[in-house]
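Residues per chain are reported as follows:
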Amino acid sequence: MSDGAFEDVVARLRAAGCVFAEEEARLLLGQSGDVAGMVERRAAGEPLEYILGWAEFAGRRFAVAPGVFVPRHRTELLVRLAARFARGTKVVLDLCCGSGALGATVAAEVPGIELHAADVEPAAVECARRNVPGEVYQGDLYAPLPPELRGRVDVLIANVPYVPTGDVALMPPEARDHEPRVALDGGADGLDVLRRVVAEAPEWLAPGGHVLFEASERQAEAAAVEVRRAGLTAFVEEDDELGATVVVGLREL
């Protein structure tokens, strides 16, 4: 890679508004195939992860593909908490799994867990089956899960969409124009899918089991109310450095 080629790509990406133009240029120029075409795709706003075919999450690379939600750095808080709760021989369910990066990370951090994952999007399920060391089911929330999981789930990760419908248009173009709407839009107040998840969670959680999901800071209290309404104990965890808020529900022993 010549210095001139590198600087040309950096300039092209900067002009397109890419904040990390130098880092992205190195990644793109390191690819095989039509690099010029890849640069044009990125400059046009396509997510870098779709072009590379992978996303980095919690220090690991996971396969992603067009039409699959790209895991966010802030979600590392949710995974960190899930791994803490999963210590020992536990059953972990990654609901709304997308690429499966969350559950796969927990499995890497806590060897020996029994991992299951599910998503409604066919593209996500196909991708997750490349990443998840466990069963991946296709369907709406709990619908595709085997009945024998009822009452056995120790850790339920639910990376539900929580952007209010009216705010989706305000998201960065690479998210709103490329990622699946079903993975972003959480309804009028952003909590529609969350309500469905927590309403059924007590049926699937083992005694002492936890359900975890992200929310915005301003949604956290309303989300905790929904958790309590389902009969679970609720608490909120935050990480200012990541800009992350996670609401946790506990099924008491």
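See the structure shown above.
Residues numbered from 1 in each chain as written. Predicted model: local features only at pLDDT ≥ 70, side-chain atom pairs only at ≥ 80, totals over all residues. Heavy atoms only, no water.

Draft legend 1. View of the sheet that holds strand β7 (residues 205-215). Across the sheet, which stays open at both edges, the seven strands sit in the order β5-β4-β3-β6-β7-β9-β8 with mixed pairing between neighbours. Edge positions in the sheet fall to β5 (135-138) and β8 (233-239), since each of these pairs with one other strand and no more. The average undirected angle you get between the axes of adjacent strands in this sheet is 20°. With five bridges connecting them, strand β3 (residues 91-95) and strand β4 (residues 114-119) associate as parallel partners. The residue bridging Leu 93 from the neighbouring strand is His 116, located in β4. Across the sheet, helix α7 (residues 122-131) is in contact with β4 and β5; its angle to β5 comes to roughly 170°. (Pairing = 2+ DSSP bridges. Helix = DSSP H or I, 4+ residues; strand = E, 2+ residues; numbered from the N terminus. Axes fitted to C-alpha atoms, helices over the stretch in contact; angles between N-to-C directions. Contact = heavy atoms within 4.5 Å.)

Draft legend 2. Quick look at unusual backbone geometry. Notably, Ala 58 is not glycine yet its phi reads approximately 55°, a positive angle. Topologically, Ala 58 is positioned in the loop between β1 (54-57) and β2 (60-63). Judged by relative accessible area, which is 28%, Ala 58 ranks as partly exposed. One non-glycine residue, Cys 96, adopts positive backbone phi at about 55°. (Buried < 20%, exposed > 50% of the residue type's maximum accessible area, 1.4 Å probe, protein only.)

Draft legend 3. Quick look at the pairing of strand β6 (residues 153-158). Within β6, six of the six residues are buried, which leaves it mostly tucked inside the rest of the structure. As defined by bridge partners, β3 adjoins β6 across four bridges and the pair is classed as parallel. Note on β6: the bridge partner recorded for Leu 95 is Ala 158. Strand direction decides the pairing type here: β6 and β7, joined by four bridges, are parallel. Opposite Ile 157, over in β7, you have Leu 212 as the bridge partner.

Draft legend 4. How the structure looks around the packing of helix α2 (residues 21-29) against helix α3 (residues 35-43). For the pair α2 and α3, interaxial distance at closest approach is 9 Å and the crossing angle is 145°. Between α2 and α3 the crossing geometry is right-handed. Of α3, the residues touching α2 (which contributes Glu 24, Leu 28 and Leu 29) are Val 35, Met 38, Val 39 and Arg 42. (Left-handed = near helix turned anticlockwise from the far one by under 90°.)

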